[in-house]
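# Breakdown of the fold
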Amino acid sequence: MSTVSSVAPRSGRTTELVLVLGAVGIVGLAYVNLGLATTGTVPPGLAALGLGYLGVSLAFHVVLRWRAKYADPLLLPIVTLLNGLGLVMIHRVDIARGRDIADGVALRQLMWSALAVAIAAAVLVVLRDHRILRRYTYVAGVAGFSLLLLPLLPVIGTSEFGSRIWIRLGPFSFQPGEIAKISLAVFFAGYLVQTRDALSVAGRKILGLTLPRARDLGPILIAWLASLSVLVFERDLGSSLLFFGLFVAMLYVATERVSWIAIGLGLFGAGAYVAYLAFAHVQVRVLLWLHTFSPEALQTSDQLAKGLMGMAAGGMVGTGLGRGRPDLTYLAESDFIISSFGEELGLVGLFAILVLYALLVERGLRTSLGTRDGFGKLLAAGLSFSLALQCFVVVGGVTRVIPLTGLTAPFLSSGGSSLLANWTLLAILLRISDHARRPLPDESAQSAVGEARTEVVKLS
Amino acid sequence: MLSELTLTVLRLGLLVALWAFVFAVVGVLRGDLYGTRVRKRAGTTPAKGNPAPRAPRRERTPRPPKASKGPTRLVVTAGPLSGTTLPLRSSGTLIGRSPECALVLDDDYASGRHARIFEGDDGRWMVEDLRSTNGTYLGATRLTEPREVAAGSVLRIGQTTLELQR
């Protein structure tokens, strides 16, 4: 007879440190490359910016050593590299648009990054155990849905680029949907841990697919209506797909029933088709998607066509940083940052970035497998799936796999709300992975305490 | 102005560095594939999840509880788990399909908690049927009460045949 046991996990913090240094080095290399290609000199702020970025990542690394010793050692280096590459590309678009570094988007993005890292570190320090979040299941649910629908409010909600997903408070604008992603994942995880037994009861069997009982369809119908209302009233296919997909994926993880995926895809397909027939703005999106190069589509927006042309100009190894023209595409630093990378780093570089995303999601799912409580499993799976789905929506949008929608590429795109939300998401994943990889308390040590003689202490 | 050559080297170097990073990450997470280890169940199970990190490959040789006389181990001689051995423990060895058993049988004809082998008061090994559905056979007779098993006598549970060996 044999036993199967996990090898005692090493904390991996030293591996993480080496990889973080490598990631910052690659970002520095990209920055030097950009400076040499555009001005012919090593950029003057290299030391200050590089040391600043290094300091921020090392600070987070130290927080991990202090508060989450056994957290996954690969998440932070990957995110450091992605965030840094995003900064370099945003700076590159700044240069092309003739913006100085002082008033460019890149410096703002750097400040947002520092703030996001600070908030993520605070989450790690304050949130000692992810299971605490389960207490706030319904609070998170209410918060998530209200954040999602907040932009529909008359005064603070604003419409930008045809989507009503922004709120504006004085000088600040914010995309509440990004935060809603996290609180909805918390809500779905807490809710599904309670109800998964009922939801996985088998009902009728049709065509080899075991369907759930009809009375259990309530939650998925509510999630479907909410996502359709986002699609119709906020005119945002991306958020709508993200939230419904998140729910369906977590439902599948919780119940192991493929039928939920079939039902979810069917419902979303039907809803999207009805929306296509009924609403003009959805029809425009589909026209831009299917007939990108037709005259009617080019009159409305040539953004997607330009992005595709840019990627084609990049070819296999790209034009090199600073040598392409990604700035020709509108929003080259946020929604179309993937095309910008495709142009300047080529297929080889773009695929390195996509593999980094895949590895990030893999680590999240591995955390979900390794953790021992059901809530943590569902939450980690949901959070990493939301990252994966967001990447799919963004990359699929710019490569014409699905209609283009305004979602940000996690950690890459310019945008404060996206950075804050995704770094917070990362902090929660790190916290769960710390629990997943932490060795169980030593049983012999515990019993030694139990067997110790009781001693009478005289207090005078 | 820098030569084009430097720039080309730099931009290709960036791509190489990116992929080198990816492979470094993949190299680290290879640990997931080899993250579990299978080893013989020893007489004393090490504290779960906290084995000695310095020597992960070290196999612990089971120390026989009774060195001189009597059987020391249980061997599956036929059935799905044929070839499996485990040391006998004086506290009792539970056999059945339930995961709590020391010998978990993958046998449709075995009950959850099927039988128990334990050390009797006088140091003899006894086998006891735990009111299983299909019964435990010692040789050709179905057990109705705890009986002594000697080394070499054949026990049958469902499709599995067991033997006590020295």
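## Considering the overall build of chain B
Along chain B, the regular secondary structure elements total one helix and 12 strands. Reading the secondary structure of chain B in the N-to-C direction produces α-β-β-β-β-β-β-β-β-β-β-β-β. Burial statistics for chain B: of 166 residues in total, 21% are counted as buried. In chain B, once contacts between residues fewer than 6 apart in sequence are set aside, the share between residues at least 24 apart is 36%.

## With respect to the overall build of chain A
Tallying secondary structure elements over chain A gives 16 helices and six strands in all. A sequence separation of at least 24 residues applies to 70% of the contacts in chain A between residues at least 6 apart.

## Considering the nonpolar core
The biggest cluster of nonpolar side chains holds 127 residues, and the ones touching the most others in it are Val27, Phe188, Leu246 and Met250 of chain A. When residues of this core are assigned to their parent elements, the largest contribution, 14 residues, is made by helix α14 (residues 374-398) of chain A. Excluding its chain neighbours within four sequence positions, the residues that come into contact with Phe188 of chain A are Leu246, Phe247, Met250 and Gly382 of chain A. One finds Leu74, Leu88, Ala110 and Trp125 of chain B within the second-largest nonpolar core, a separate group that totals 17 residues.

## Some thoughts on the confidence of the model for chain B
Residues and elements named next belong to chain B. For chain B, the average pLDDT comes to 77, and 75% of its residues sit at 70 or higher. Here residues 42-68 is modelled with pLDDT under 50, and outside its nearest four sequence neighbours on either side it reaches 41 contacts, counting other chains as well. Interface confidence for the predicted complex, expressed as ipTM, amounts to 0.85; the pTM equals 0.76.

## So, helix α4 (residues 105-126) of chain A
Think of an α-helix as 3.6 residues a turn; residues three or four steps apart then line up on the same face. Residues and elements named next belong to chain A. For α4, with 22 residues, the first-to-last C-alpha span of 31 Å sits near the 32 Å given by 1.5 Å per residue. All of the buried residues along α4 are Ala106, Gln109, Leu110, Ser113, Ala116, Val117, Ala120, Ala121 and Leu124. Considered in projection along α4, the buried side chains sweep an arc of 135 degrees and stay on one side of the axis. Residues Met111 and Val126 are exposed on α4 and point more than 90 degrees away from its buried face.

## Some thoughts on the sheet that holds strand β5 (residues 103-104) of chain B
All names here are of chain B. Strand order across the open sheet formed by five strands is β5-β4-β6-β7-β10, with mixed pairing between neighbours. With one partner strand each, in any of the chains shown, β5 and β10 (147-148) form the two edges of the open sheet. Pairing analysis gives two bridges linking strand β4 (residues 93-96) to β5, with the strands arranged parallel. Each bridged residue has a counterpart across the sheet, and for Ile95 the counterpart in β5 is Leu103.

## Remarks on the environment of Gln390 of chain A
Mapped onto the elements of the fold, Gln390 of chain A is located in helix α14. Separated by 202 residues in sequence, Gln390 of chain A and Phe188 of chain A place their C-alpha atoms 18 Å apart.

## Some points on the sheet that holds strand β12 (residues 160-165) of chain B
Residues and elements named next belong to chain B. Overall, antiparallel pairing links the six strands, which are arranged β3-β2-β12-β11-β8-β9 in an open sheet. Each having just a single partner strand, β3 (85-87) and β9 (141-142) make up the two edges of the open sheet. Two strands pair when backbone bridges link them, and strand β2 (residues 73-78) and β3 are joined in this way by three bridges, in the antiparallel orientation. When the sheet's bridge partners are listed, Arg73 is paired in β3 with Pro87.

## Quick notes on helix α6 (residues 176-199) of chain A
Residues and elements named next belong to chain A. Across its 24 residues, α6 extends only 30 Å between first and last C-alpha, which sits more than 12% below the 34 Å expected from 1.5 Å per residue. When the local axis directions of α6 are compared, the greatest deviation, roughly 50 degrees, occurs at Val193. Within α6, 18 of the 24 residues are buried, which leaves it mostly tucked inside the rest of the structure.

## Comments concerning the packing of helix α2 (residues 46-67) of chain A against α4 of chain A
Residue and element names in this part refer to chain A. Remark: α2 packs on α4, axes separated minimally by 10 Å, with the N-to-C direction vectors making an angle of 5 degrees. In terms of orientation, α2 and α4 fall into the roughly parallel class. Along the contact surface, α2 presents Val56, Phe60, Val63 and Arg67, while α4 presents Ser113, Ala114, Val117, Ala120, Ala121, Leu124 and Val125. Grouping the amino acids of the contact of α2 with α4 by side-chain chemistry returns nine nonpolar, one polar and one charged.

## As for the packing of α6 of chain A against helix α8 (residues 237-255) of chain A
Residues and elements named next belong to chain A. As a packed pair, α6 and α8 sit with axes 9 Å apart at the nearest point and diverge in direction by 30 degrees. In terms of orientation, α6 lies roughly parallel with respect to α8. Relative to α8, the crossing made by α6 is right-handed. For the pair formed by α6 and α8, the contact residues are Gly177, Lys181, Leu184, Ala185, Phe188, Ala189, Leu192, Arg196 and Leu199 on the first element and Ser239, Leu242, Phe243, Leu246, Phe247, Met250, Leu251, Ala254 and Thr255 on the second. The residue makeup of the contact of α6 with α8, split by class, is 13 nonpolar, three polar and two charged.

## Some points on the pairing of β4 of chain B
Pairing between β4 of chain B and strand β6 (residues 115-119) of chain B: three bridges, direction antiparallel. Following the sheet pairing, Thr93 of chain B is matched in β6 of chain B by Ile117 of chain B.

## What about the pairing of strand β7 (residues 125-129) of chain B?
Residue and element names in this part refer to chain B. What you see with β7 is a clean split: Trp125, Val127 and Asp129 sit on the buried side and Met126 and Glu128 on the side with no burial. Summarising the sheet, β6 and β7 pair through five bridges and their orientation is antiparallel. Bridging across to β7, Arg116 finds its partner in Glu128. In textbook terms, the turn of a hairpin is the stretch between consecutive antiparallel strands, and for β6 and β7 this stretch comprises five residues, one of which, Gly123, has a positive phi near 85 degrees. Where β7 meets β10, two bridges bridge the pair, whose relative direction is antiparallel. Each residue of the ladder has a partner; that of Met126, found in β10, is Glu148.

## Details of unusual backbone geometry
All names here are of chain A. Positive phi values are uncommon outside glycine, yet Leu331 reaches one of about 60 degrees. Within the secondary structure, Leu331 is located in the loop between α12 (303-314) and α13 (337-370). Its 17 C-beta neighbours within 10 Å are what place Leu331 among the partly exposed residues. Unlike most non-glycine residues, Phe411 shows phi in positive territory, near 70 degrees. The topology assignment puts Phe411 in the loop between α14 and α15 (416-437). Exposure remark for Phe411: the 26 C-beta atoms within 10 Å place this residue in the buried category.

Conventions and cut-offs
Residues numbered from 1 in each chain as written. Chains lettered and ligands numbered in written order. Predicted model: local features only at pLDDT ≥ 70, side-chain atom pairs only at ≥ 80, totals over all residues. Helix = DSSP H or I, 4+ residues; strand = E, 2+ residues; numbered from the N terminus. Buried ≥ 20, exposed ≤ 12 C-beta atoms within 10 Å, placed from the backbone. Contact = placed C-beta atoms within 7 Å. Core = buried A, V, L, I, M, F, W, Y, C linked by C-beta atoms within 7 Å. pLDDT = per-residue confidence, 0-100. Expected span 1.5 Å × (residues − 1). Arc of directions from axis to C-beta. Pairing = 2+ DSSP bridges. Bend = angle between axes of the 7 residues up to and from the residue. Axes fitted to C-alpha atoms, helices over the stretch in contact; angles between N-to-C directions. Parallel < 35°, antiparallel > 145°, perpendicular 65-115°, else oblique. Nonpolar A, V, L, I, M, F, W, Y, C, P; charged D, E, K, R; others polar. Left-handed = near helix turned anticlockwise from the far one by under 90°.

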